[in-house]
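One letter stands for each residue in the lines below.
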Amino acid sequence: KSPNKLGVYDMCGNVREWCSDNFYKYKNGEVTNPTNEKGEVSHIIRGGSWCFLPLYCRLSSRDYERGDKEMDNIGLRLVLPVSE
């Protein structure tokens, strides 16, 4: 497979991905790299998984779940810096 514009391979697939960002509702208007200042305990989950309808298997699919919840369709992506 080819990398996307960020150089990341295969962003959608088997599991939805935990993100380090805590969940909060977006404000109106455009935001860049939003952060949560309220300290919510739920984390963002992005993408689709094997048990989703095709409509929800896209990178912009966004949901949230408590960090202590275990599910078989949520995983994480380890990203290592690459030296050039």
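Before reading on, note that the structure itself is shown above.
Below is a short write-up of the structure. (Residues numbered from 1 in each chain as written. Predicted model: local features only at pLDDT ≥ 70, side-chain atom pairs only at ≥ 80, totals over all residues. Heavy atoms only, no water.)

Sheet analysis places strand β1 (residues 16-22) next to strand β2 (residues 42-46), joined by three bridges and oriented antiparallel. Its bridge partner lying in β2, Trp18 is registered against Ile45. Bridge count between β2 and strand β3 (residues 62-66): five bridges; the pairing is antiparallel. Paired with Arg46 across the two strands is Arg62, which belongs to β3. (Pairing = 2+ DSSP bridges. Helix = DSSP H or I, 4+ residues; strand = E, 2+ residues; numbered from the N terminus.)

Per the counting criterion, the structure on display carries one salt bridge. Note that Arg16 and Asp63 form a salt bridge whose closest N and O atoms lie 3.3 Å from each other. With Arg16 in strand β1 and Asp63 in strand β3, this pair connects stretches of sequence that are 47 residues apart. For Arg16, a relative accessible area of 5% translates into the label buried. (Salt bridge = Lys/Arg side-chain N within 4 Å of Asp/Glu carboxyl O. Buried < 20%, exposed > 50% of the residue type's maximum accessible area, 1.4 Å probe, protein only.)

Right, let's get into the sheet that holds β2. Taking strand neighbours across the sheet as the criterion, the four strands line up as β3-β2-β1-β4 in an open arrangement whose pairing is mixed. Single-partner strands in this sheet number two, and they are β3 and β4 (74-75).

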